[in-house]
Amino acid sequence: MRLHPSRTLTLCALAVATVLLPAQGWDGATQAQGWARQDKDDSFTFYDPGAKVLHTWMRDGGEIRTIPLGRLETPPSKWIVDPRGNAWVVDGTTLTQIEPTGRITKTIKLPAEVGSVCWDTKGFVLSFKTQEPYLEKRRYSDGDDLWIFGAKPGNKEALSNRNLHPLLMDDLDHILLGNGNDLNLSLINADSGKKEGETAFKLGKDPAPAFAGGSLDRGPLCLWSGKNVAFASLKATDLPDAVRGTLQGQVLARIDLTSSAVAFLPTGLGDDHLLVGVLEGNAVFVNPKGGLLLVPVK
């Protein structure tokens, strides 16, 4: 992936959220809660805390798969569904493999809490809540490490100042790793775990600004598949005064991975809405009261 600075992008985002229409059965449009896994077929997998079930759902197809998680002692924070339909579920510092029937087949102790995940056809990557980035890529078959990136945290480090280092997998299966200080990303080879470079994003002709207040517990990164564009969710207060202007509440940073240009877009939503994906030219947010909201993007 080549990243080049270019001229400022002029964008007009409609900061008006649209409510999705209801569908048959369990309906993400009205019932979705919390974090979700968006796959390349534009399906989303949500956790239903009342039923203790993972629901895989599509906007036009409704519910297409369920995996019961009733045998877990506490609710999960992240999950990946492998090519055989098994779920790899993160619960605190525990990684659990669960069959489509709900049977637990493997449990693995992790070195720290997981803040972000991504995946490709060979395995899944865990990014931990540690002061410095630490990643593990694991096999779908048994959960064993394929590679690690960074220094494994010790017990004291795992309980100290923790940062969220968000991940995403781009269309070419590169891992893009964020940090807690600005919008720049590290480019990591998904097969080897080796760092291949750093981005240098621009806001107009100037470098994209560092966040106000220094290191942050970052919001998620989501890919607009096929466009080579990523979106990062921010609070308007995360931006320096000179950049923030009239922006309020939740803000989207539109990151053009081809031109290296960044723009900040209003959403009209509060900080309590969670970005979970991009669907057909809309950023998809989960409403804290349940259900999904769409914010058009360009």
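From a predicted model like this one, the values you see are computed outputs, not experimental measurements.

Some points on the sheet that holds strand β12 (residues 135-139)
Here is step 1: A sheet is described by the order of its strands in space; here four strands give the open sequence β10-β11-β12-β13, paired in antiparallel fashion. Edge positions in the sheet fall to β10 (114-119) and β13 (145-149), since each of these pairs with one other strand and no more. For this sheet, the mean angle separating the axes of adjacent strands, direction not counted, is 20°.

Let's talk about the side chain of Asn86
Here is step 1: Along the polypeptide, Asn86 turns up in the loop between β6 (78-81) and β7 (87-91).
Here is step 2: The contact partners of Asn86, leaving out residues within four places of it in the chain, are Ile80, Val81, Gln97, Ile98, Glu99 and Pro100.

Some points on the packing of aromatic side chains
Here is step 1: All chains considered together, the criterion is met by eight aromatic pairs.
Here is step 2: Measuring from ring centre to ring centre gives 5.5 Å for Trp88 and Phe124, while their planes differ by 35°; the resulting arrangement is tilted. Of this pair, Trp88 sits in strand β7 while Phe124 is found in strand β11 (residues 123-128), placing the two residues 36 residues apart along the sequence.
Here is step 3: Classification of Trp88 by relative accessible area gives buried; the value is 0%.
Here is step 4: Looking at Phe124, the relative accessible area reads 0%, which means it is buried.
Here is step 5: Ring geometry for Phe124 versus Tyr140: centroids 5.9 Å apart, planes at 40°, classification tilted. A residue pair is termed long-range when its members are at least 10 positions apart, and Phe124 in strand β11 and Tyr140 in the loop between β12 and β13 qualify at 16 residues.
Here is step 6: Taking relative accessible area as the criterion, Tyr140 reaches 10% and is therefore assigned buried.
Here is step 7: Joined through ring pairs, the aromatic side chains of Trp26, Phe44 and Phe46 make up one cluster.

Quick word on the layout of surface pockets
Here is step 1: Of the volumes computed, that of the largest pocket is approximately 950 Å³.
Here is step 2: Secondary structure elements with two or more residues in the lining of the largest pocket: β2 (36-38), β6, β10, β14 (167-169), β20 (221-224) and β24 (274-279).
Here is step 3: By residue number, the principal contributor to the lining of the largest pocket is β10, which donates six residues.
Here is step 4: Residue classes in the lining of the largest pocket are distributed as 22 nonpolar, nine polar and twelve charged.
Here is step 5: In this structure, the second largest pocket spans a volume of roughly 300 Å³.
Here is step 6: Forming the boundary of the second largest pocket are 16 residues, of which Asp217, Gly219, Ser233, Lys235 and Asp271 lie nearest the centre.
Here is step 7: Sorting the residues of the lining of the second largest pocket by element identifies β21 (229-235) and β24 as the ones contributing at least two each.
Here is step 8: The greatest single-element share of the lining of the second largest pocket, amounting to three residues, is contributed by β21.
Here is step 9: When its residues are assigned to classes, the lining of the second largest pocket shows six nonpolar, four polar and six charged.

A word on the sheet that holds strand β16 (residues 185-189)
Here is step 1: Read from one edge to the other, the open sheet built from four strands follows the order β14-β15-β16-β17, with strand pairing classed as antiparallel. What marks the edges here is a single partner per strand, and that holds for β14 and β17 (195-198). Here the strands of the sheet are splayed against their neighbours by 25° on average, with no regard to which way each runs.
Here is step 2: Bridge count for β16 against β17 is three bridges, and the pairing is antiparallel. Looking across to β17, one finds that Leu187 is bridged to Gly197.

Thoughts on the nonpolar core
Here is step 1: Of all hydrophobic cores here, the largest spans 26 residues; its most connected members are Leu69, Leu95, Phe124 and Leu126.
Here is step 2: Elements represented by at least two residues in this core include exactly β6, β7, β8 (94-98), β10 and β11.
Here is step 3: For this core, the element with the most residues is β7, which contributes four residues.
Here is step 4: With near-sequence residues (within four places) excluded, Leu95 lies in contact with Trp88, Val89, Val90, Lys106, Thr107, Ile108, Leu110, Phe124, Leu126 and Arg138.
Here is step 5: Residues Leu183, Ala230, Leu247 and Ile255 belong to the second largest nonpolar core, which totals 22 residues.

Quick notes on the rules
- Residues numbered from 1 in each chain as written.
- Predicted model: local features only at pLDDT ≥ 70, side-chain atom pairs only at ≥ 80, totals over all residues.
- Heavy atoms only, no water.
- Pairing = 2+ DSSP bridges.
- Helix = DSSP H or I, 4+ residues; strand = E, 2+ residues; numbered from the N terminus.
- Axes fitted to C-alpha atoms, helices over the stretch in contact; angles between N-to-C directions.
- Contact = heavy atoms within 4.5 Å.
- Phe/Tyr/Trp six-rings, centres within 6.5 Å; stacked < 30°, edge-to-face > 60°.
- Buried < 20%, exposed > 50% of the residue type's maximum accessible area, 1.4 Å probe, protein only.
- 1 Å grid on protein atoms, 1.4 Å probe; cavity = no way out; pocket = protein on both sides within 12 Å on 5 of 7 lines; lining within 4 Å.
- Points joined across faces, edges and corners; volume = space filled by probe spheres on them.
- Nonpolar A, V, L, I, M, F, W, Y, C, P; charged D, E, K, R; others polar.
- Core = buried A, V, L, I, M, F, W, Y, C linked by side-chain atoms within 4.5 Å.

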